[in-house]
Amino acid sequence: MSAPSTVTWSAANARRMERQFLRTPAKPGEAGAGEVVDAMLAAQAQVMSAAELSVGLRMDGATRQDVRDALWGEEPSLVKTYGPRGTIHFLPTAELPLWTGALSAIPGGPSPFKAGDRLTPSQTEEIVSAIGEALDRVRLTIDELNDEVVARTGPWAGELVLPAFQGMWPRWRSVMHLAGHRGVLCFAPNRGRKVTYTRPPTAGPGEPPLSAEVATGRLVRRFLYAYGPATPRQFAKWAAAPDGWASGVFAALASAGEIEGLGMDGEPSSAAGSRLGAGSRLGAGSSGWVVAGDTEFPGEPVRGVRLLPYFDAYVIASHPRERLFPGRAYERALAKGQAGNFPVLLVDGVVAGVWHQRRSGRRITVTVEPLGTLGAGQERELAGQVERVGEVLEGVAELVVGEVGVGAHA
C-alpha cells in the first residue's frame with residue numbers, strides 16, 4: 001500500500017486519541033502509569049489532582065492511588081519535575097535521559113529579571129551543581145534546600161531579589177526549573193503540608209542524559225508520533241522553544257530522512273530537506289510532518305464522550321486549535337487562545353463544552369456545561385464519564401448539567 005500524501009483531520013485526531021489511550025483506556029497489564037504518561041508525552045502536573053485524573057482516566061479501573069504509587073512507590077515509574085515550558089510535569093522514569101538531554105538543549109528566552117539580579121553563566125552552573133549535591137539521597141523542604149545552596153555557594157545566591165507571589169525569593173530559585181531539566185532535582189512526597197525535593201532516581205553516574213542532538217531529534221519524533229502531523233511552530237509552542245531553533249531540528253531530521261511531510265484535509269504536504277524553511281511556516285495552514293513511514297491512520301472517526309481535566313496533554317498539544325475547538329468552543333473553552341485552562345467535554349473527538357468539579361468529603365459534584373444538545377446516548381455516556389471521574393478521585397460523583405461559573409485557571 002502506497003503512503004498517502006494527505007490525511008483528513010478527523011483521521012489524524014482519531015490516531016492521536018488512540019495512541020494516548022483516550023479512545024480506549026489501557027487494560028490492566030497492557031500499560032502502567034509510566035507507559036501511559038510516555039504515550040501522552042508528559043502530563044502537566046501543576047494541579048496535582050488534574051494530573052492524577054489525566055493519567056487515571058487513560059487506565060481502565062485505575063485510581064489516583066495507582067498514580068501516586070507510580071510516583072512515590074519503591075520502584076517509581078513516574079517522576080514529578082520541571083518539564084516542557086518550564087512547568088511541573090509527570091515524566092516517565094525510564095525516559096529521563098531523553099528528557100534531561102532534550103530539555104537542557106532547548107534555548108532559553110530572555111531573562112525576565114533585572115540585569116543586576118540575573119545569574120551569570122558560571123553562577124548558574126555553580127547553583128545547579130549545589131542543588132544536585134544537596135539533594136543526593138535526601139529529601140529537603142524549600143527552606144532546607146535554600147540553606148544548603150547558600151552554604152555551598154555564598155550569600156549572593158540567597159539574596160531576596162526575585163519578585164514572588166507574596167514577597168521576594170532568593171536569587172538561586174531562578175534556576176530551579178533548569179535543575180529539573182538537568183536531572184538533578186525533582187519533587188518528593190510532601191512532609192505534612194510542605195513540599196519536598198530530592199534527586200531523581202535515575203540521576204547519577206552511568207545514566208547520563210543523551211546528547212543534545214540525539215535527544216532533541218528523538219523528542220521531535222516522539223512528539224510527531226503522538227501528535228502528528230505537526231509543524232515546527234506547533235512543536236516550538238509546546239516546548240516553549242524558539243521557532244527558528246525548532247525549524248533547524250526539523251530540517252536536520254528531514255535531511256536525514258527521519259521525518260516526512262504530510263498534507264491534511266487537502267492542504268499540500270510540506271516539502272522535506274532544504275525546503276523545510278518554507279514548510280515550517282505552514283502553521284497557518286493544516287499540513288505538517290510525521291515520523292518517516294508512520295502514515296497509517298484509523299479508518300473510522302472518534303465517537304463518544306470524554307471528560308478531560310485542567311491542562312490535559314491532548315488539548316495542549318493538538319493542532320490546529322480551530323479544529324479541536326470548533327465554533328463556540330474556541331471562545332468558551334480557551335483562555336485567550338491558550339489551551340488547558342478549562343477542563344473540557346469532548347464529543348466525537350472535539351471540544352463541545354466545559355466542566356468543573358467541587359469536592360466535599362467523598363462527594364464530588366461535577367457540573368458540565370455542554371455547548372450544544374446531547375443525544376440520549378451521549379447523556380448516558382456523560383453520566384458514565386462522571387462516574388469514572390469519581391472512581392479515579394476515590395469519591396462518589398454526581399452529575400449536574402448547567403452553566404460553569406468558574407473562570408479559567410491561571
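Our structure is the block above this text.
Residues numbered from 1 in each chain as written. Predicted model: local features only at pLDDT ≥ 70, side-chain atom pairs only at ≥ 80, totals over all residues. Heavy atoms only, no water.

An order of S5-S9-S8 is seen for the 3 strands of this open sheet, with the pairing classed as antiparallel. Each end of this open sheet is capped by a strand with a single partner; those strands are strand S5 (140-141) and strand S8 (186-191). (Pairing = 2+ DSSP bridges. Helix = DSSP H or I, 4+ residues; strand = E, 2+ residues; numbered from the N terminus.)

We now examine the packing of aromatic side chains. For the coordinates displayed, the defined rule picks out 9 aromatic pairs. Each ring, one from Phe-187 and one from Tyr-197, has its centre 5.1 Å from the other, and the planes form 45°; the classification is tilted. Taken together, the residues Phe-187 in strand S8 and Tyr-197 in strand S9 (residues 194-198) connect sequence positions 10 residues apart. Judged by its relative accessible area of 8%, Phe-187 is buried. Their ring planes at 35° and their centres at 6.1 Å tell us that Tyr-310 and Phe-311 sit as a pair that is tilted. Of the two residues, Tyr-310 and Phe-311, neither departs from the other in class, the shared state being buried. Grouped by ring-pair contacts, the aromatic residues Trp-99, Phe-223, Tyr-227, Phe-235, Trp-238 and Phe-250 constitute a single cluster. (Phe/Tyr/Trp six-rings, centres within 6.5 Å; stacked < 30°, edge-to-face > 60°. Buried < 20%, exposed > 50% of the residue type's maximum accessible area, 1.4 Å probe, protein only.)

Below, the discussion takes up the packing of helix H6 (residues 121-134) against helix H7 (residues 142-152). One way to put it is that H6 packs onto H7 with a least axis distance of 9 Å and a crossing angle of 125°. Regarding the angle of H6 to H7, the classification is oblique. As for the relative orientation of H6 and H7, their crossing is right-handed in sense. Packed against H6, whose contacting residues are Glu-126, Ile-127, Ala-130, Ile-131, Glu-133 and Ala-134, the element H7 presents Leu-145, Glu-148, Val-149 and Arg-152 at the interface. Residue composition of the contact of H6 with H7, grouped by class: 6 nonpolar, no polar and 4 charged. (Axes fitted to C-alpha atoms, helices over the stretch in contact; angles between N-to-C directions. Parallel < 35°, antiparallel > 145°, perpendicular 65-115°, else oblique. Left-handed = near helix turned anticlockwise from the far one by under 90°. Contact = heavy atoms within 4.5 Å. Nonpolar A, V, L, I, M, F, W, Y, C, P; charged D, E, K, R; others polar.)

This part takes up the sheet that holds strand S3 (residues 78-82). Read across the open sheet, the 3 strands follow the order S2-S4-S3; overall the sheet is antiparallel. Bordering the open sheet on either side are strand S2 (43-44) and S3, each of which pairs with just one other strand. Packing against the sheet, helix H2 (residues 33-40) makes contact with S2, S3 and strand S4 (88-92), and its axis sits at approximately 115° to S4. Against the sheet, helix H4 (residues 64-72) engages S3 and S4, with an angle of about 75° to S3.

Turning next to the environment of His-356. When you line up the elements, His-356 lands in strand S14 (residues 350-360). Considered as a pair, His-356 and Asp-143 are 213 residues apart in the sequence and their alpha carbons are 34 Å apart. In this structure His-356 touches Tyr-310, Thr-365, Val-366, Thr-367, Val-404 and Val-406, once residues within four positions along its chain are discounted.

This part takes up the side chain of Arg-171. Along the chain, the position of Arg-171 falls in the loop between strand S7 (167-170) and helix H8 (176-181). In contact with Arg-171, not counting residues within four places along its chain, are Gly-116, Asp-117, Arg-118, Leu-119, Trp-156, Ala-157, Gly-158, Glu-159, Val-161 and Leu-162.

All right, on to the nonpolar core then. By size, the foremost hydrophobic cluster in this structure holds 108 residues, and its most contacted members are Val-55, Phe-90, Trp-238 and Phe-325. Top contributing element to this core by residue count: helix H9 (residues 212-227), with 7 residues. One finds Val-347, Ala-352, Val-368 and Leu-374 within the second-largest nonpolar core, a separate group that totals 17 residues. (Core = buried A, V, L, I, M, F, W, Y, C linked by side-chain atoms within 4.5 Å.)

This model, assessed by the stated rule, comprises 22 salt bridges. The partner of Asp-294 in a salt bridge is Arg-19, with the nearest N and O atoms 2.8 Å apart. Of the two residues, Asp-294 is situated in the loop between strand S11 (288-291) and strand S12 (305-308) and Arg-19 in helix H1 (residues 9-19); the sequence distance between them amounts to 275 residues. For the pair formed by Asp-294 and Arg-19, the shared burial category is buried. Through salt bridges with shared partners, a single network forms among Arg-15, Arg-19 and Asp-294. (Salt bridge = Lys/Arg side-chain N within 4 Å of Asp/Glu carboxyl O.)

A few words now on helix H3 (residues 48-56). For H3, a buried count of 7 out of 9 residues is recorded, marking the element as mostly surrounded by other parts of the structure. For H3, the set of buried residues is Ala-50, Ala-51, Glu-52, Leu-53, Ser-54, Val-55 and Gly-56. Each element contacted by the buried residues of H3 is listed here: H2, S2, H4, S4, S14 and helix H16 (376-392).

Attention now moves to unusual backbone geometry. A cis geometry characterises the amide bond from Gly-228 onward to Pro-229, with omega recorded as 0°. As for its placement among the helices and strands, Pro-229 is situated in the loop between H9 and helix H10 (232-239). Look at the link from His-319 to Pro-320: it is a cis peptide, with omega at -5°. Note that Pro-320 resides in the loop between helix H13 (313-317) and helix H14 (321-324).

Attention now moves to the pairing of strand S15 (residues 363-370). Two elements, S14 and S15, share 8 bridges in a ladder whose sense is antiparallel. If you follow Gln-357 over to S15, its bridge partner there is Val-366. Connecting S14 to the antiparallel partner S15 that follows it, the hairpin turn spans 2 residues, and Gly-361 within it adopts a positive phi of roughly 65°. In the sheet, S15 pairs with strand S16 (residues 396-401) via 6 bridges, with the strands oriented parallel. Residue pairing for S16: Val-366 is matched across the bridge by Leu-399. Between S15 and its parallel partner S16, the chain crosses via H16, and the hand of that crossover is right-handed. (Right-handed = clockwise from strand over helix to strand, strands pointing away.)

Honestly, it's all geometry; don't read function into it.
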